[in-house]
Amino acid sequence: MIAGVLLTEVFLAGVLASGRVSIALWVFVAALCVAFAFRYPMLTAVATLVLGASVFYSELFAVSIGPLNANGPEVLLGALFVVAVTRPQRRGLGGIAGAGLLAFLVIVGISILLAVNEGTTEILNAFSWSRAYLTFVFFFVIVRLFSDRESLRRLLFWATMISAVTGFVAVYLSLLGGPESFFQDPSQQFIKSEEGLGIIQRVRLPGLSLAYALYWYAVVKTIRYHGRERLLWGLAVVGMSLNIVVSFNRNMWIGIVIGLPVLLALAGPQVRRRLAGTLAVAAFALVLIGAQPGPESKLSPLIARGTTLTNRGSLLAEASIQSRENETEIAWGVAKRNLLTGIGPGVQFGAEFFEATAQGVWVKVPQYFLHNQYLYILLIAGIPALLAFLVFLLASVRSAFARGTRTAESAAWGVGLVSIMLSAIVAIYFSDTDMIFAI
């Protein structure tokens, strides 16, 4: 201990002499985070989700360290990873799913090195466009630190509550908040207003990802509990429902609807009966809320958004659909010529989009992302990366749905993951930090 104190003093003295006080400060903060994670791993994991997948945008807690910046969720996740490597509660990587995920991360790393070596991108740019994948180490943290049933239940409980609170905050911002909210991300625009939505503003906070992934899990827990616990989980379902509703994310609405029959088929007869009755009551309540005198219903903005899904002509004419078709066509042409190694993250592939500058001028800029996430992985890292990632996803789904070990809760987890997998065809869900936490 004395040697450690002396080494610390020598290090701090050297840093003070060099004038790099800020770096020393953040090294000290990182060391404190690691120490805290060793002592309170569960609390650190919950704090990571609060900072990374709730109401705060990631750059709110970011600090610059040389040419890079680090944010709160990354620092806490790094501390947890150190604990998971050095003092795990369970050995291993998580079976076939973990092996697939590790292979995927290694292949993406190789694609970065190849792209930098070819001179098609710079290392910092490639890292910037792939750093979200580092969040997948949360999988290994869970496997090695929280694999027992009680720890998993506690972590899922807190993740559900975080998403529910996010939903209530989102509704407040939707009805009463403005675009200058404390929760507004000036670059990513988590909160958006769109014409034609009436008094309801479109709000998408990071905790929306947890709501989407764990929605049916919260429903199952509500059905299976009684008394105060049922009330708590029921309130969570309300918050999560509001979270998804005010996001106006049609892919999520579709995913929830598709997930329902899958859950009914796999969750068992008791859950099936109670869920059917609950859905009947919920449908009746929606009808009552939506009905009111006059031409405008309180739910008219939601109904208008939903009916676009049934109007194929109107849907295909939307600018967002057309831009995605265009980017997909361009990316597929490039991907076919680089099927083995991909082009690497952060490499231009020919697509462009309009972006507003600080002066409010819209300019065309190169596009480095794709909404179709399967094609995106194929584009940046080739067939090997896509196959490895599919192994990770499908092995996880298989584990959730396995006949011998399946429970109503695990079926709900599987439904959440399948919903994300479907939505990833049209939404950036495999490359978004908050959604990766949810996965």
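Residues numbered from 1 in each chain as written. Predicted model: local features only at pLDDT ≥ 70, side-chain atom pairs only at ≥ 80, totals over all residues. Heavy atoms only, no water.

(A) Structural context of the packing of helix H3 (residues 41-52) against helix H8 (residues 149-175). Close contact between H3 and H8 brings their axes to 10 Å; oriented N to C, the two are set at 25°. With respect to each other, H3 and H8 are oriented roughly parallel. Helix-helix and strand crossings are classified by hand; for H3 and H8 the assignment is right-handed. Judged by residue contacts, Met 42, Ala 45, Val 46, Leu 49 and Val 50 of H3 engage Ser 151, Arg 154, Leu 155, Trp 158, Ala 159 and Ile 162 from H8. (Axes fitted to C-alpha atoms, helices over the stretch in contact; angles between N-to-C directions. Helix = DSSP H or I, 4+ residues; strand = E, 2+ residues; numbered from the N terminus. Parallel < 35°, antiparallel > 145°, perpendicular 65-115°, else oblique. Left-handed = near helix turned anticlockwise from the far one by under 90°. Contact = heavy atoms within 4.5 Å.)

(B) Quick look at the packing of helix H9 (residues 208-224) against helix H11 (residues 250-266). Between H9 and H11, the shortest axis-to-axis distance is 11 Å and the interhelical angle comes to 25°. As judged from the angle between their axes, H9 and H11 are roughly parallel. The crossing of H9 and H11 is right-handed. Note on element contacts: H11 touches H9 through Asn 251, Met 252, Gly 255, Ile 256, Gly 259, Leu 260 and Leu 263, opposite Leu 208, Tyr 212, Tyr 215, Trp 216 and Val 220. Here the contact of H9 with H11 is built from residues that sort into 9 nonpolar, 3 polar and no charged. (Nonpolar A, V, L, I, M, F, W, Y, C, P; charged D, E, K, R; others polar.)

(C) Broad picture of the side chain of Thr 48. Residue position: Thr 48 is located in helix H3. Overall, the relative accessible area of 0% leaves Thr 48 in the buried class. Not counting residues within four places of it along the chain, the set of residues in contact with Thr 48 comprises Ala 53, Pro 73, Leu 76, Leu 77, Leu 80 and Phe 437. (Buried < 20%, exposed > 50% of the residue type's maximum accessible area, 1.4 Å probe, protein only.)

(D) Structural context of a nonpolar patch on the surface. Together, Leu 93, Leu 102, Val 106, Ile 110 and Leu 114 line one region of the surface with nonpolar side chains, adding up to about 390 Å² of accessible area. Locating Leu 93 in the fold gives a position in the loop between helix H4 (72-86) and helix H5 (95-118). (Patch = residues over 30% accessible without salt bridge, like charges linked within 9 Å, V, L, I, M, F, W, Y side chains within 5 Å. Areas by Shrake-Rupley, 256 points an atom, 1.4 Å probe, with all protein chains shown as cover. Salt bridge = Lys/Arg side-chain N within 4 Å of Asp/Glu carboxyl O.)

(E) Structural detail: the nonpolar core. Counting 114 residues, the largest nonpolar core has Phe 104, Tyr 133, Trp 216 and Leu 263 as its most contacted members. Counting residues per element, this core draws most heavily on helix H16 (residues 373-401), which supplies 16 residues. (Core = buried A, V, L, I, M, F, W, Y, C linked by side-chain atoms within 4.5 Å.)

(F) Up close: the packing of aromatic side chains. In the structure shown here, the tally under the stated rule is 22 aromatic pairs. Judged by centre distance (6.4 Å) and plane angle (20°), the rings of Tyr 133 and Phe 136 are stacked. A residue is classified by how much of its surface remains accessible, and Tyr 133, at 4% relative accessible area, is buried. For Phe 136, a relative accessible area of 2% gives the class buried. For the pair Tyr 374 and Phe 430, a centre-to-centre distance of 5.2 Å together with 90° between the ring planes defines the contact as edge-to-face. Of this pair, Tyr 374 sits in helix H16 while Phe 430 sits in the loop between helix H17 (408-423) and helix H18 (433-438); the two residues are 56 residues apart in sequence, bridging distant segments of the chain. Accessibility expressed as a relative area gives 18% for Tyr 374, which makes it buried. Of the residues examined, Phe 430 reaches a relative accessible area of 0% and is grouped as buried. What links up through ring pairs into an aromatic cluster is the set Phe 104, Tyr 133, Phe 136, Phe 139, Phe 140, Tyr 374, Phe 389, Phe 392 and Phe 430. (Phe/Tyr/Trp six-rings, centres within 6.5 Å; stacked < 30°, edge-to-face > 60°.)

Interpretation in functional terms is not warranted from these geometric data alone.
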